[in-house]
Amino acid sequence: MRQEAGKTIKLALPIVIGELAQMALHIIDTAMVGKVSYKQLAAAALVINTMNIPFVLGIGMTISVSQMVSMAHGRRDAQQVSHYFFNGFVLCAVTAVVISLGLVLGRGIMLHMDQDPEVVQYAMPFMTLMGLSIIPMLLFMTLKQFADGLEYTRTAMTLSLVGMPLNILLNWLLIYGNWGFPRLELIGAGWATLITRTLMFLVLASVILWHKTFWRYVAVSSRQWKLKWKTIKELLHIGVPSSLQIGMEAGAFAVSGIIIGTISAVALAAHQIALSCAAFTFMVSLGLAQAGSIRVSNTFGRKDWPLIGVIGKSTLLTALAYGILCAIVFTLLRFQLPKAFNNDPLVLSAAATLLLFAAIFQISDSTQAIGAGLLRGIKDVKTPTVLIAIAYWVVGLPAGYILAFKFGLGASGMWLGFIIGLTLASGFLITRFLTMYKRHTVLP
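Computed from a predicted model, the values in this text were never measured in an experiment.

About the cut-offs
- Per chain, residue numbering runs from 1 following the sequence as it is written.
- Reporting of local features is limited, given that this is a predicted model, to residues whose pLDDT is at least 70; pairs of side-chain atoms are given and counted only at 80 or more, and all residues count toward the totals for whole chains, interfaces and linings.
- Heavy atoms from the whole structure form the basis of all side-chain values; hydrogens and water molecules are not counted.
- Numbering of helices and strands runs from the N terminus, with a helix taken as a DSSP run of H or I at least four residues long and a strand as a DSSP run of E at least two residues long.
- Radius of gyration: over C-alpha atoms. The globule rule applied is 2.2 Å multiplied by the number of residues raised to the 0.38 power.
- The buried label applies to any residue whose accessible area, calculated with a 1.4 Å probe on protein chains only, is under 20% of its type's maximum; exposed applies above 50%, and partly exposed to all values in between.
- In this count, Lys and Arg are taken as positive residues and Asp and Glu as negative ones, while His and the chain termini are left out.
- By convention, the charge on Lys lies at NZ, on Arg at CZ, on Asp at CG and on Glu at CD.
- The distinction between a cavity and a pocket rests on a 1 Å grid over the protein atoms alone: a 1.4 Å probe fits inside a cavity but cannot get out, while a pocket stays open yet meets protein on both sides within 12 Å along at least five of seven lines, and a residue with an atom within 4 Å of a point counts as lining.
- Grid points are joined across faces, edges and corners, and a volume is the space filled by probe spheres set on the points.
- Each residue is assigned to one class: nonpolar for Ala, Val, Leu, Ile, Met, Phe, Trp, Tyr, Cys and Pro, charged for Asp, Glu, Lys and Arg, and polar for all the others, Gly among them.
- Pairing of aromatic rings covers Phe, Tyr and the six-membered ring of Trp, with a centre-to-centre limit of 6.5 Å; geometry is then stacked below 30 degrees between planes, edge-to-face above 60, and tilted otherwise.
- One less than the residue count of a helix, multiplied by 1.5 Å, gives the span that helix is expected to have.
- Here the bend at a residue is taken as the angle between two axes, fitted respectively to the seven residues that end there and the seven that start there.
- Under the rule applied, a polar contact is a pair of N or O atoms within 3.5 Å (in protein, one hydrogen donor and one hydrogen acceptor; residues adjacent in sequence only if both atoms are side-chain atoms).
- Any Lys or Arg side-chain nitrogen located within 4 Å of an Asp or Glu carboxyl oxygen qualifies as a salt bridge.

With respect to the overall build of the chain
- Summing up its helical and strand segments, the chain has 15 helices and zero strands in all.
- Computed over the C-alpha atoms, the radius of gyration of the chain is 21 Å, within 12% of the 22 Å expected from 2.2 N^0.38 for a compact globule of 444 residues.
- For the chain, the residues scored as buried account for 59% of the 444 residues in total.
- Side chains of the chain give 32 positive and 16 negative charges; the mean places of these two sets differ by 11 Å.

Rendered as structure tokens:
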């Protein structure tokens, strides 16, 4: 089992680094905007919470590419790999455009969320730029999922790392108006994100189209790059439930953020700081989940259930150990971490409290991500989607609302709801995977 854990970690490492780099871009934006004012930090949080649900729905659709490519790769079928890649890219491109237009044209919804009027004023133009940046970001994610499905994980990682200093430089120029550039503050962060994401997509597309590593899949394009409804349905069978799974978790956090915004701008700013820290550590869990899912999917293509079980259990144990480590770090550094984002005493105090709750759910957050990824690897997506809906939306979110407003716990009550929902989701998904494994390995 230790050997399989090592293989999964080796595959996951470039994915994790790439995911951390992407998350670092968001945290850097948040920190640099937070230095301008906590109202603009709250506006960034409002936009991120509002767009998070449709954005992660798009990310869920890109996951179908890595799953189908990985299974075809496990069967050593390069023709099918190329076919799934093309159909998946078209599907994800259409999804990206629809989501982007919906966010840009529907940004007026923020006027009706009972938020601080000044926060909404800052948020409106920022939403336009962030909504447009969805298109290059989801296209980049689609290409990344294709490469990850083939277990070529370093290319996207490298681009994500290169994107970090570029984004920091653009933020420095456009947020603060250095070197003669206009001081755009929050809008400058939006322009920096749009430019960085566009360049990252264009470079990765160039690599996949012309690098020798991927040439065998591009060379058969005249035969395999054709749209087929049957293939689209296969991708949707994985993509839609995956989108709903990720969307329901992210949606619970996003809705909670909007609800917390009705309490005060200080509460929303503190929520954004704590959530940024928790989201950063979650990227490691997400990378492990993707690596475990790719390895299980590849093995599932050969129907090797004993190996699927070993990969799954070893990945879960790795996630458990990682969750414990994160819980310790958040507890010890809860007063220091918020200072990187803002210097308002009220915001810092509230964020430190929320980081304690974040520490508690680190273990369940990590293990539920792995459970969902392993189930996607064996193409079990419908039942897990129902289980996740129950955990977050039937139990977790309502419980958080009641604790926040009926019991007067405020933002802390919403975060207690996170703990309840994530713990239930973890238990549901791990039990489901172990049940599926036993069902296919028990002797007749």
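We are not done yet, so read on.
Some thoughts on unusual backbone geometry
- Of note, Arg76 is a non-glycine position whose phi angle comes to about 60°, a positive value.
- Structurally, the position occupied by Arg76 is in the loop between helix H2 (38–74) and helix H3 (78–105).
- A positive phi angle, close to 60°, is found at Lys379, a residue other than glycine.
- Mapped onto the secondary structure, Lys379 falls in the loop between helix H13 (362–377) and helix H14 (382–406).

So, empty space enclosed by the protein
- Counted under the stated rule, the structure contains five cavities of 30 Å³ or more.
- By volume, the largest cavity amounts to about 930 Å³.
- In this structure, the largest cavity is lined by 41 residues; those nearest its centre are Met23, Asn52, Val56, Phe282 and Met283.
- At the level of secondary structure, the elements contributing two or more residues to the lining of the largest cavity comprise helix H1 (2–34), H2, helix H4 (117–149), helix H9 (229–261), helix H10 (265–300), H13 and H14.
- Per element, the largest residue contribution to the lining of the largest cavity is 10 residues, and it comes from H10.
- Across the lining of the largest cavity, the residue classes tally to 26 nonpolar, 11 polar and four charged.

Points about the layout of surface pockets
- The volume enclosed by the largest pocket comes to roughly 260 Å³.
- Every residue along the wall of the largest pocket is listed here: Lys7, Lys10, Leu11, Leu13, Pro14, Glu151, Tyr152, Thr153, Arg154 and Arg295.
- Top element by residues in the lining of the largest pocket is H1. It accounts for five residues.
- Residues that form the lining of the largest pocket fall into these classes: four nonpolar, one polar and five charged.

Looking at the packing of aromatic side chains
- Under the defined criterion, the tally for this structure stands at 15 aromatic pairs.
- Ring centres of Trp172 and Trp179 lie 5.2 Å apart, and the angle between their planes is 90°; on these two criteria the pair is classed as edge-to-face.
- Overall, the relative accessible area of 65% leaves Trp179 in the exposed class.
- Taken together, the aromatic side chains of Phe85, Phe86, Phe89, Phe146, Tyr152, Phe214, Tyr217 and Trp225 make up a single cluster linked through ring pairs.

Description of H4
- For H4, spanning 33 residues, the distance from its first C-alpha to its last is 45 Å, which sits close to the expected 48 Å at 1.5 Å a residue.
- Taking the largest bend as the criterion, H4 deviates by roughly 30°, centred on Met124, and proline Pro125 comes between one and four positions later.
- With 25 of its 33 residues buried, H4 lies for the most part within the structure.
- For H4, the N-terminal capping position is held by Asp116, with its side-chain oxygen 2.9 Å away from the main-chain nitrogen of Glu118.
- Residue Glu151 follows H4 closely and has a positive phi angle near 70°.

Focus on the pattern of salt bridges
- Within this structure, the stated rule accounts for eight salt bridges.
- The salt bridge involving Glu4 is made with Arg295; its shortest N-O contact spans 2.6 Å. Here Glu4, found in helix H1, pairs with Arg295, found in helix H10; they are 291 residues apart in sequence, far enough to count as distant. Assigned by exposure class, Glu4 and Arg295 land together as buried.

Note that all results are geometric; they support no functional claim without further evidence.
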